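Coordinates in review
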Amino acid sequence: MTTIPRILMGGAVLGLSGSRAGITPVPIEVPRAMGTWRVLGCLHSVPDPPPADVTENLSLSHENRLHVVFAWREEGLSGPRQSKKIRGRILGDPSRGIWKLHASPLVSATHIVVGVGNDYSWAAVAHPTRRFGWILSRGPRLPEEIWMQVFSRFASLGYDTSQFVRLRHPEVPGPWEV
């Protein structure tokens, strides 16, 4: 199984859960969370190489239905761009941000936003099992102080932050390991 289907099974999309496994979400404004996000970092503990140029485009339709287009390159920046459509829904009070996303008919996952920038320029997303985690941004990079804030938050939730990797994007040269 490739890295991306594993990520999708965990749910790499900006989604939330109620207080699950001791992880409490931060409140969000759903319309501000819609649009294009770059996945700048993720918890990567599988032997496959991490994906590159990973993006998510979120939109909201009637009755709190979510539509997500998840796109990536598996063979580095020169690999072919692939994509997968994911559907989901907001459960309960949208400001609590409980989202259920379905990568396939048999695979769904709940997600927890544990941090978001005041300007919605970045977000940190956890998973109740702590086996998945994502750092999202509206642009190709984040200031180092934001990275440290996000890692501190993940560490406080019991994550092994040494397993996070920074994902390559075309506009960002440099080392990718955190």
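Scroll up to find the structure.
Quick notes on the rules
- Residues numbered from 1 in each chain as written.
- Predicted model: local features only at pLDDT ≥ 70, side-chain atom pairs only at ≥ 80, totals over all residues.
- Heavy atoms only, no water.
- Helix = DSSP H or I, 4+ residues; strand = E, 2+ residues; numbered from the N terminus.
- Expected span 1.5 Å × (residues − 1).
- Buried < 20%, exposed > 50% of the residue type's maximum accessible area, 1.4 Å probe, protein only.
- Arc of directions from axis to C-beta.
- Contact = heavy atoms within 4.5 Å.
- Phe/Tyr/Trp six-rings, centres within 6.5 Å; stacked < 30°, edge-to-face > 60°.
- Lys NZ or Arg CZ within 6 Å of the ring centre and 35° of its normal.
- Core = buried A, V, L, I, M, F, W, Y, C linked by side-chain atoms within 4.5 Å.

1. Describing helix 3 (residues 144-156)
With 13 residues, helix 3 should cover 18 Å at 1.5 Å per step; its first-to-last C-alpha distance of 18 Å lies within 8% of that length. Residues of helix 3 that are buried: Ile146, Trp147, Val150, Phe151 and Phe154. Summarising the axial view, the buried residues of helix 3 lie within an arc of 130°, below the 170-degree limit, and thus occupy one face. In helix 3, the exposed residues that point more than 90 degrees away from the buried face are Glu145 and Ser156. Packed against the buried residues of helix 3 are strand 1 (35-43), strand 7 (112-116), strand 8 (122-126), strand 9 (133-137) and strand 10 (164-166).

2. Some details on the packing of aromatic side chains
Applying the stated criterion across every chain, the model contains seven aromatic pairs. Between Phe154 and Phe164, the aromatic rings sit 4.8 Å apart at their centres with planes inclined by 40°, giving tilted as the arrangement. Here Phe164 lies in strand 10 and Phe154 lies in helix 3, a separation of 10 residues in the sequence. Joined through ring pairs, the aromatic side chains of Trp147, Phe151, Phe154, Tyr159 and Phe164 make up one cluster. Geometry around Trp37 places Arg138 over its ring, the cationic atom sitting 3.7 Å from the centre. The ring of Trp147 carries the charged tip of Arg166 above its face, separated from the ring centre by 4.1 Å.

3. Considerations on the nonpolar core
If you look at the biggest cluster of nonpolar residues, it comprises 26 residues, and the most contacted ones within it are Ile28, Met34, Trp99, Trp134 and Leu136. Put simply, the parts of the chain that give this core at least two residues each are helix 2 (30-33), strand 1, strand 2 (52-61), strand 3 (65-73), strand 4 (81-91), strand 5 (98-104), strand 8 and strand 9. Within the second largest apolar cluster, 18 residues are counted, among which are Leu40, Leu43, Ile135 and Leu142.

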